[in-house]
Amino acid sequence: MKPLLINGQWIETSHAVPNINPSDTNDVIDSYAEAGMAEAELAIAAAQNAFDDWAHSPVQQRHDVLKFIGDELMQRKDEIGRLLAREEGKILPEAIGEAERAARIFDFFAGEALRLGGQVLPSTRPGVGVELTREPVGPVGIITPWNFPIAIPAWKVAPALCYGNSVILKPAELVPGCAWVMAEIISRSGLPDGVFNLLTGPGRVAGAAMLDAPAIRALSFTGSVGTGKVVAEACLRHNRKMQLEMGGKNPLVILNDADLETATDAALNGAFFSTGQRCTASSRLIVEEGIHNRFVEMLTEKTRALRVGPALDPQTQMGPVVDQTQLDQDVGFIESARKDGANLRAGGNLKRCDTPGFFLEPTLFTDTASDMRINREEVFGPVATTIRASDYDHALALANDTEFGLTAGICTISLKHATHFKRHAQAGMVMVNLPTAGVDYHVPFGGTKASSYGPREQGSYAAEFFTTVKTAYIQS
Ligand code: UN1
């Protein structure tokens, strides 16, 4: 059993959760301790006790700790990538890329620790000065999803530590492996005991305990809309800062003048890479009339050619869905789209492979209407639709016809339309001639509308959430 990390101690529990490979359900990777109420309380107390010293720790120490973690993640990216592919199901190159991204995030925040500044302003009163400084928020609860088992824990934990907070990380029950490896590295990084704590197991116990604990002063969550609402209500009750990243139903607009190769590549990548299990996935392809048939033709061909299989097979281009529950959800959406009259152009079926796993064909529906369920709710799987648009204005209206607002993309060579889209797309991130998914680690990440709540993640904007501002008035 892989134990919990609480106050610098490795702690086993009476129950453990098996970590199962979605490419081969006979392959049990390991089992991970299931944190109960008692362990959650210990972790919260540890984070509380450790907070003050870490909040006042020298920035050189913070830099060195974060650098240590980033360096080791980078050295071990192939091994961690393999584990990631095995536990989550994305293909090995994507998984190694994600491990590398986690390393670079720690490296970035190692530098940020040395760059945290404040502001000095004149007061309106004579002889008085004003100073603005940023202070850590307190013990931070971090709840992460299964689709990025190491990148998302990294992009929340690294800034939390960088700005002097103590942390309790509760990774998704389905993918504890990479988070555990990261915790093990953190435990040898020189970080004082209790500043970082790891609770594995189901969210309904450890996650709920964090939500109910007044000591947790900030909570960063990425996951479903439903759970996000529960998190938000709990945070409000405790007057606690919150940062929520939830769903997406991201549009990729293809205008008549788009380069067909660029547009179909962007759609294929955005819709199906990582098995479509990204909140940034390009799930609604909004295509202008003049290019519609050629685009659908070429995308259908590319979609059918994608090789689905086990994540570690070098031939595989798209790995399995993460588990049976998610697969059932995906299949349910495919059925509902069929019933609503969408035209199935590619995929739609489970795929048989040599190993028992949750394989689903990349699925493309065309001629869908914006009000169909398949275009309203997030599937979180390899399912995309096309919607016809009569012109740019219609395409923009369709793109914004959603409760979500995470990313929005456009493929065009028109500077005029790209510029207009950049300003008028209701989304936190806009991509031109690129997939809606796949983001850099050093710039802000987040959305608008129902997708996100609270300050942006990543880059130096992360300071907004992981610090609180103090205003000091000084008479000299
Ligand atoms: C990406 O598209 O590179 O859960 C990142 C998600 C997002 C991260 C997407 N928070 O899919």
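Located above this text is the structure these notes cover.
Rules of the game
Residues numbered from 1 in each chain as written. Predicted model: local features only at pLDDT ≥ 70, side-chain atom pairs only at ≥ 80, totals over all residues. Heavy atoms only, no water. Helix = DSSP H or I, 4+ residues; strand = E, 2+ residues; numbered from the N terminus. Rg over C-alpha atoms; globule rule 2.2 N^0.38 Å. Buried < 20%, exposed > 50% of the residue type's maximum accessible area, 1.4 Å probe, protein only. Contact = heavy atoms within 4.5 Å. Areas by Shrake-Rupley, 256 points an atom, 1.4 Å probe, with all protein chains shown as cover. Lys, Arg positive; Asp, Glu negative; His and termini not counted. Charge placed at Lys NZ, Arg CZ, Asp CG, Glu CD. Salt bridge = Lys/Arg side-chain N within 4 Å of Asp/Glu carboxyl O. Phe/Tyr/Trp six-rings, centres within 6.5 Å; stacked < 30°, edge-to-face > 60°. Core = buried A, V, L, I, M, F, W, Y, C linked by side-chain atoms within 4.5 Å. Pairing = 2+ DSSP bridges. Axes fitted to C-alpha atoms, helices over the stretch in contact; angles between N-to-C directions. Near = heavy atom within 4 Å. Polar contact = N/O pair within 3.5 Å; in protein donor to acceptor, adjacent residues only side chain to side chain. Disulfide = S-S within 2.5 Å. Parallel < 35°, antiparallel > 145°, perpendicular 65-115°, else oblique. Left-handed = near helix turned anticlockwise from the far one by under 90°. Nonpolar A, V, L, I, M, F, W, Y, C, P; charged D, E, K, R; others polar.

(A) Quick look at the overall build of the protein. When its secondary structure is counted, the protein shows 15 helices and 22 strands. In summary, the protein has a C-alpha radius of gyration of 23 Å against a globular reference of 23 Å for 476 residues, a match within 12%. Principal axes of the C-alpha set define a box for the protein whose edges measure 70 × 65 × 40 Å. Relative to its full complement of 476 residues, the protein shows a buried share of 58%. Contacts in the protein between residues at least 24 apart in sequence constitute 72% of all its contacts with a sequence separation of at least 6. Carbon and sulfur atoms form 51% of the exposed surface of the protein, whose accessible area is close to 18700 Å². For the protein, the separation between the mean place of its 43 positive charges and that of its 56 negative charges on side chains is 4 Å.

(B) Seen up close, the pattern of salt bridges. For the structure on display, the rule yields 22 salt bridges. The residue lysine 67 makes a salt bridge to aspartate 71 at a minimum N-O spacing of 3.0 Å. One end of the pair is lysine 67 and the other is aspartate 71, both in helix H2 (residues 59-75) and 4 residues apart, which spans about a single turn. Using a relative accessible area of 31% as the deciding quantity, one classes lysine 67 as partly exposed. On the basis of relative accessible area, aspartate 71 is assigned to the partly exposed category, the value being 30%. Aspartate 367 is the salt-bridge partner of arginine 388, the closest N and O atoms lying 2.8 Å from each other. Pair noted here: arginine 388 is in strand E16 (residues 383-389) and aspartate 367 is in the loop between strand E15 (363-366) and helix H12 (373-376), with a separation of 21 residues, a long-range link. The partly exposed category is assigned to aspartate 367, whose relative accessible area is 34%. The network of salt bridges with shared partners includes Glu72, Arg76, Glu79, Glu184 and Arg188.

(C) Quick peek at the packing of aromatic side chains. Counting across every chain of the model gives 7 aromatic pairs. Taken together, a centroid distance of 5.1 Å and an interplanar angle of 40° make the contact between tryptophan 10 and tryptophan 180 tilted. One end of the pair, tryptophan 10, is in strand E2 (residues 9-11); the other, tryptophan 180, is in helix H6 (residues 176-187), and 170 residues separate them in sequence. On the basis of relative accessible area, tryptophan 180 is assigned to the buried category, the value being 13%.

(D) Broad picture of the nonpolar core. If you look at the biggest cluster of nonpolar residues, it comprises 71 residues, and the most contacted ones within it are Leu73, Phe106, Phe109, Val157 and Phe196. The element contributing the most residues to this core is helix H4 (residues 92-115), with 12 residues. Contact partners of leucine 73, with chain neighbours within four places excluded, come to Ile80, Ala102, Ala103, Phe106, Ile150 and Ile185. By size, the runner-up hydrophobic cluster in this structure holds 28 residues, among which are Leu4, Leu199, Ala206 and Leu244.

(E) View of the sheet that holds strand E6 (residues 128-136). Spatially, E5-E6-E22 is the arrangement adopted by the 3 strands of the open sheet, whose pairing is antiparallel. Each edge of the open sheet carries a strand with a single partner, namely strand E5 (119-122) and strand E22 (467-475). On average, each strand axis in the sheet is inclined to that of its neighbour by 25°, with strand direction left out of account. Summarising the sheet, E6 and E22 pair through 9 bridges and their orientation is antiparallel. Bridge pairing in E22 links valine 130 to tyrosine 473.

(F) Fine view of the site of the ligand. All residues adjacent to the ligand are Arg101, Asn147, Phe148, Ile152, Trp155, Arg278, Cys279, Thr280, Ala437, Gly438, Val439 and Phe445. Here asparagine 147 contributes a side-chain N or O atom positioned 3.0 Å from an oxygen atom of the ligand. A distance of 2.8 Å separates an oxygen atom of the ligand from a polar atom in the backbone of glycine 438. In isolation the ligand has 320 Å² of accessible area, and contact with the protein removes 99% of it.

(G) Region of the structure containing the side chain of serine 274. Mapped onto the fold, serine 274 is located in the loop between helix H9 (260-272) and strand E13 (282-288). Not counting chain neighbours up to four residues away, the residues in contact with serine 274 comprise Lys90 and Glu94.

(H) Summary view of the state of the cysteines. On inspection of all chains with the given rule, the structure shows 0 disulfides. Cysteine 235 carries a free sulfur, and the closest cysteine sulfur to it, the one in cysteine 279, is 18 Å from it. Owing to a relative accessible area of 0%, cysteine 235 belongs among the buried residues under this scheme.

(I) Broad picture of the packing of helix H3 (residues 77-88) against H4. Contact geometry of H3 with H4 gives a least axis separation of 8 Å together with a crossing angle of 125°. By the angle between their axes, H3 is oblique relative to H4. In the crossing of H3 with H4, the sense of the turn from one axis to the other is right-handed. Every residue of H4 that contacts H3 at Lys77, Asp78, Ile80, Gly81, Arg82, Leu84 and Ala85 is listed here: Leu92, Ala95, Ile96, Glu98, Ala99 and Glu100. Grouping the amino acids of the contact of H3 with H4 by side-chain chemistry returns 7 nonpolar, 1 polar and 5 charged.

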